[in-house]
Amino acid sequence: MVIERAQLVEEIRAVLQEVKDPEIPSISIVELGMLDTVEVEGTKARIQAKPTFVGCPALDIIKKNIVNAVIGLEGIDEVEVKYVYDPPWTTDSISEGGKEKLKVYGIAPPPSEHTPGEPWHIDCPYCGSTYTTMENIFGPTACRSILYCRSCKNPFEAMKPVANI
Amino acid sequence: MIFETKEELKQHTKAYEAAKALLYQLADDDFMIAYRGSEWLGLAPHIEEDVAFSSISQDTMGHAVMYYQLLEELGEGKADDISHLRNPVEYRNAIILEEKNGTGTYLEKPDYDWAFAVVRNLFYDYAKTIRLQSLKDSSYKPLAHIARRVIGEEYYHLMHWELWFKQLMQSTPEARQRMEAAIERVWDEFDGVLTLGPEGEAMNEYSLISSEQNLRDRWVEKVQHILSEVDYKIERKPGMKSGNGRMGEHTEDLNQALSILSEVYRTDPVTSW
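Criteria and thresholds
- Sequence order sets the numbering: in each chain, residues are counted from 1 along the sequence as written.
- Here the convention is simple: chains get letters from A, ligands get numbers from 1, in the order in which they are written.
- Owing to the predicted nature of the model, reporting of local features is limited to residues with pLDDT of at least 70; listing and counting of side-chain atom pairs is limited to 80 or more, with chain, interface and lining totals taken over all residues.
- The side-chain values count all of the structure's non-hydrogen atoms but skip hydrogen atoms and water molecules.
- Every helix listed is a DSSP run of H or I at least four residues long, and every strand listed is a run of E at least two residues long, numbered separately from the N terminus.
- To estimate how far a helix should extend, the number of its residues minus one is multiplied by 1.5 Å.
- We call a residue buried when its accessible area falls under 20% of the maximum for its residue type, exposed when it is over 50%, and partly exposed in between, using a 1.4 Å probe and counting protein chains only.
- Note that the arc is computed from the directions linking the helix axis to the C-beta atoms.
- When DSSP locates at least two bridges between a pair of strands, those strands are taken to pair.
- Throughout this description, the term nonpolar core refers to a set of buried Ala, Val, Leu, Ile, Met, Phe, Trp, Tyr and Cys residues connected via side-chain atoms within 4.5 Å.
- The contact rule is simple, with two residues in contact once any of their heavy atoms fall within 4.5 Å.
- Take a side-chain nitrogen of Lys or Arg and a carboxyl oxygen of Asp or Glu: if they are within 4 Å of each other, that pair is a salt bridge.
- Pairing of N or O atoms within 3.5 Å defines a polar contact, subject to two protein rules: one partner must be a possible hydrogen donor and the other a possible acceptor, and residues neighboring in sequence count only if both atoms are side-chain atoms.
- Stacked, tilted and edge-to-face are the three classes applied to pairs of Phe, Tyr and Trp rings, where Trp contributes its six-membered ring and a pair requires centres within 6.5 Å; stacked means planes under 30 degrees apart, edge-to-face means over 60, and tilted covers the rest.
- pLDDT expresses how confident the predictor is about each individual residue, on a scale running from 0 to 100.
- Here the axes come from fitting lines to C-alpha atoms, over the contacting stretch only for helices, and the angles between their N-to-C directions go from 0 to 180 degrees.
- Patch definition: residues above 30% relative accessible area lacking any salt bridge, with like charges linked at up to 9 Å and the nonpolar side chains Val, Leu, Ile, Met, Phe, Trp and Tyr linked at up to 5 Å.
- Every accessible area reported is derived by Shrake-Rupley at a probe size of 1.4 Å, with residue values counting cover from the shown protein chains alone.
- For this classification, under 35 degrees means roughly parallel, over 145 means roughly antiparallel, 65 to 115 means roughly perpendicular, and everything else is oblique.
- The handedness criterion is simple: a crossing whose near helix is rotated anticlockwise from the far helix by less than a right angle is left-handed, and one whose near helix is rotated clockwise is right-handed.
- Under the scheme applied, nonpolar residues are Ala, Val, Leu, Ile, Met, Phe, Trp, Tyr, Cys and Pro; charged residues are Asp, Glu, Lys and Arg; polar residues are all the others, including Gly.

A short note on helix 2 (residues 58-71) of chain A
Residue and element names in this part refer to chain A. The first and last C-alpha atoms of helix 2 sit 20 Å apart over 14 residues, in line with the 20 Å expected at 1.5 Å per residue. When helix 2 is considered as a whole, its buried residues turn out to be Ala-58, Leu-59, Ile-62, Ile-66 and Val-70. Around the axis of helix 2, the buried residues are gathered within 100° of arc, so they sit on the same side. The exposed residues of helix 2 that point more than 90 degrees off its buried face are Asp-60, Lys-64 and Asn-68.

Structural notes on the sheet that holds strand 9 (residues 155-159) of chain A
Within the open sheet, the 4 strands sit side by side as 6-9-8-7 (chain A). Their pairing is mixed. Edge strands, defined here as strands with exactly one partner in the open sheet, are strand 6 (107-108) and strand 7 (132-136) of chain A.

A few points about the nonpolar core
Phe-123, Phe-165, Phe-190 and Trp-219 of chain B are the most contacted members of the largest nonpolar core, which totals 101 residues. Counting residues in each nonpolar core, the second largest holds 36 residues, with Ile-27, Ile-29, Val-81 and Val-162 of chain A among its members.

Focus: the interface of chain B and chain A
In this complex, chain B contributes 24 residues to the contact, which on the side of chain A involves 29 residues. Summed over the shared surface of chain B and chain A, the result is 1 salt bridge. Across the pair Asp-86 of chain A and Arg-148 of chain B runs a salt bridge whose closest N-O atoms are separated by 2.6 Å. Linking chain B to chain A there are 6 residue pairs in polar contact (both at pLDDT 80 or more).

Section: the packing of aromatic side chains
Residues and elements named next belong to chain B. Under the criterion given, the structure shown has 12 aromatic pairs over all chains. Ring geometry for Trp-114 against Trp-164: centres 5.2 Å apart, planes inclined by 75°, an arrangement best described as edge-to-face. Note that Trp-114 is positioned in helix 6 (residues 114-135) and Trp-164 in helix 7 (residues 141-169), a separation of 50 residues in sequence. Trp-164 shares its class with Trp-114; the two are buried. With a centroid separation of 5.4 Å and 35° between ring planes, the pair formed by Trp-187 and Trp-219 is classed as tilted.

Looking at the confidence of the model for chain B
Averaged over chain B, the pLDDT score is 96; the fraction of residues at 70 or greater is 99%. Across the assembled chains, the prediction reports ipTM 0.82 with pTM 0.92.

Looking at the sheet that holds strand 4 (residues 44-49) of chain A
All names here are of chain A. With respect to topology, 3 strands assemble into an open sheet ordered 3-4-5, the strand pairing being mixed. Each edge of the open sheet is held by one strand with a lone partner, namely strand 3 (35-41) and strand 5 (78-83). Taking each pair of neighbouring strands and ignoring which way they run, the sheet shows an average axis angle of 15°. Where strand 4 lies against strand 5, 6 bridges are found, and the strand directions are parallel. Residue Ala-49 lies in a different strand from strand 5, and its bridge partner there is Tyr-83.

With respect to a nonpolar patch on the surface
All names here are of chain B. Together, Leu-43, Tyr-106 and Leu-107 give the surface a local cluster of nonpolar side chains, amounting to about 310 Å² of exposed area. Turning to its location among the elements, Leu-107 is positioned in the loop between strand 1 (102-103) and strand 2 (111-112). Looking at Leu-107, the relative accessible area reads 71%, which means it is exposed.

Re the packing of helix 6 of chain B against helix 11 (residues 212-229) of chain B
All names here are of chain B. Viewed as axis vectors pointing N to C, helix 6 and helix 11 meet at an angle of 140°, and their least axial separation amounts to 10 Å. With respect to helix 11, the axis of helix 6 lies oblique. Handedness of the crossing formed by helix 6 with helix 11: right-handed. Note on element contacts: helix 11 touches helix 6 through Leu-215, Arg-218, Trp-219, Lys-222, Val-223 and Ile-226, opposite Leu-122, Phe-123, Tyr-126, Ala-127, Ile-130, Arg-131, Gln-133 and Ser-134. Class assignment of the residues belonging to the contact of helix 6 with helix 11 gives a composition of 9 nonpolar, 2 polar and 3 charged.

Some details on the pattern of salt bridges
Scanning the entire structure with this criterion turns up 27 salt bridges over all chains. Linked through salt bridges whose partners overlap, the residues forming this network are Glu-41, Lys-44, Arg-46, Glu-78 and Glu-80 of chain A.

So this is what it looks like as structure tokens:
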């Protein structure tokens, strides 16, 4: 039983790799560092996830997508998803692979170990140049800023660093 | 005393009541200023500001949602019902945060006051940041965890309004005059945000948040600092001219805001929106 349950947890983690951020479809919620714990009790799966920006309107959609992905697994009849705030999500929670996938979607990944109040370098996700300017620290979604690359002349977005202040 | 869970908190009636009172203040303050912010959409001075301000309002609304969810966990009813179905006298937000953006509505002849928006948001974000710094050490751990999370977002809001504030204060004579009028107006109401209301002492006694006096002193220091940077000074203490929202005193502006905010929800509270 214990082995079966451990296997089921692994299966759940695997299907969650396929649950993408609806606003950044190149990256999964696992790569974003949103997945906290997965537990199975009988036929019930309990999943705890860490929200990125707390006012993000995609959170409800993500919750629904997690349920839909997991409920299809054999041996699971019920899925409970809960957002937790401890430990807090920071942009350091994003995996290295996740950061590369952000670039694929034209979003520069946030810097590691950012100290709030200090400027951060943002390289163009298309050409890699550091010759970029910040156009608007707020962007089309809560987590993104709008920038411009003076080298390849492309506008692009960057994920705002969120640190544990 | 530390309350790791809602069950632990509920065992101490006085702390439990104080925590709920505090959560209503935090939630309603964010809810109202986020709503007034959202009314600026399409009307801000330029398109980049429209993007920024609506993003800020969205974040702030998200913060209110978390506080309403904590209230739901404490047995106050569904979060959506708490935010939409209470009577105006049950709201605990400060009056300055419910006030209209100007004359007209966002649909009809909006004559909104940008200086008022900048000053109200800047002064509020100082107060909010100071509160959050204190709440990070709150004895009620679920609240402390949320505060730690919110403060990382709040940092960008404060930076945004500081920039506007300094630029407009050092701009044309007309801008300066409008900004000064807004500062005077917001100042005379702002104690409504700084007060913790009748339950304030209990909040502090159970280490839910620092004392009102401590929070107020830190706010005055912060605001006087930025005022001095732009060569302005206010000698008197912040006031509460229109009444104390923490005691359920409100203006007609709150009724107007709630009737629009809740219009859709009230048509069918059972539907999942």
